[in-house]
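Coordinates in review
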Amino acid sequence: VIMQTYVRAWMVRVWYDELRDSAIRIQTAFRGFHVRDTISYHAFCATQIQKVFRGFLAELAFSESILSIVTVQSVYRRRLGAEMAADRFGSLLQIQSAYRGHCVRDRLGVLHRLATVIQSRWRCYVAQLNFHFDLADVIIVQSVVRMFLAYPVYHRLVFEKESDAAVVIQSVFRAYSASMDFLHSLADVLIVQSIVRRYFAVCEVQRRREAKHRRAVTAIQSAWRRFQCYTDYIFVISDIIVVQNV
């Protein structure tokens, strides 16, 4: 009985060690898979966030470049118009001086008529020049007003883009947080299942061990009782034979 008990205890320990090693291997494989999956998901989320943020920065840089180009064009065109007006004015003065000298030297009699013609042309040119200057001033004022009106629209667009980017980032982060919560909950459920199954396995082993022990005790008792009955029977037979001989 003692040897049977030790042998059975040894077999149960061996069986328990094998089950424990199998459970450890399964846990190791699952944890490695979980870590690899988590790392790949983190890399994917980081790539998506970088893509969205870089697109937003590229659009912002493009808008700033367009605004700078428009400002430089307006300043350059204004300076070019002023230089062209100055060149024309200088050329006109040179032409007038040469023409007046020629008229004074050659035709003093027609000075009044020529002066009238020159004055009319000069006034026409001055009117055209004033018109061009006024038009340039109007264009400059329009560009300034349009730029002033464009600033609120630009800031509103930037705010909307930032809001959309923030919403996208929040949605991605919330999806990531929900996935992580689900994975943690799943890991907790698996751990609880493993603990409960191990508890049930230990209870089942104890129950089977007690059942085997009871069967072994019953078998030993039945064998012992059978042996006692057989011994009593032999003793009675021997006593009968002794009595018969006597």
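Refer to the preceding data block for the structure.
The paragraphs below set out a description of the structure included in this document. (Residues numbered from 1 in each chain as written. Predicted model: local features only at pLDDT ≥ 70, side-chain atom pairs only at ≥ 80, totals over all residues. Heavy atoms only, no water.)

1. Side note on the overall build of the chain
Check the secondary structure of the chain and you find two helices and zero strands. Here the C-alpha radius of gyration of the chain, 55 Å, is well above what a compact globule of 246 residues would show, namely 18 Å. Principal axes of the C-alpha set define a box for the chain whose edges measure 200 × 25 × 15 Å. Across the 246 residues that make up the chain, the buried fraction comes to 9%. Partitioning the contacts of the chain with sequence separation of at least 6, the portion at a separation of at least 24 is 89%. About 20,500 Å² of surface is accessible on the chain, with carbon and sulfur atoms providing 66% of the total. If you average the places of the 32 positive and of the 20 negative side-chain charges in the chain, the two averages end up 4 Å apart. (Helix = DSSP H or I, 4+ residues; strand = E, 2+ residues; numbered from the N terminus. Rg over C-alpha atoms; globule rule 2.2 N^0.38 Å. Buried < 20%, exposed > 50% of the residue type's maximum accessible area, 1.4 Å probe, protein only. Contact = heavy atoms within 4.5 Å. Areas by Shrake-Rupley, 256 points an atom, 1.4 Å probe, with all protein chains shown as cover. Lys, Arg positive; Asp, Glu negative; His and termini not counted. Charge placed at Lys NZ, Arg CZ, Asp CG, Glu CD.)

2. Thoughts on a nonpolar patch on the surface
Judged by side-chain polarity, Tyr230, Tyr233, Ile234, Val236, Ile237, Ile240 and Ile241 come together as a nonpolar surface patch covering roughly 650 Å² of accessible area. The topology assignment puts isoleucine 241 in helix H2 (residues 111-245). (Patch = residues over 30% accessible without salt bridge, like charges linked within 9 Å, V, L, I, M, F, W, Y side chains within 5 Å. Salt bridge = Lys/Arg side-chain N within 4 Å of Asp/Glu carboxyl O.)

3. A word on the pattern of salt bridges
With the rule as written, the count across this model stands at five salt bridges. Linking arginine 79 and glutamate 83 is a salt bridge whose minimum nitrogen-to-oxygen distance equals 3.3 Å. Of this pair, arginine 79 and glutamate 83 both sit in helix H1 (residues 2-106), four residues apart, which is roughly one turn of that helix. For the salt bridge of glutamate 160 with arginine 156, the shortest nitrogen-to-oxygen distance reads 3.0 Å. Placement of both glutamate 160 and arginine 156 in helix H2 is noted, with a separation of four residues, approximately one turn of the helix. Through salt bridges with shared partners, a single network forms among Glu204, Arg207 and Arg208.

4. Quick notes on the side chain of threonine 38
Here threonine 38 shows up in helix H1. By relative accessible area, which is 11% here, threonine 38 ends up buried. Every residue in contact with threonine 38, bar those within four places of it in the chain, is listed here: Met180 and Leu183.

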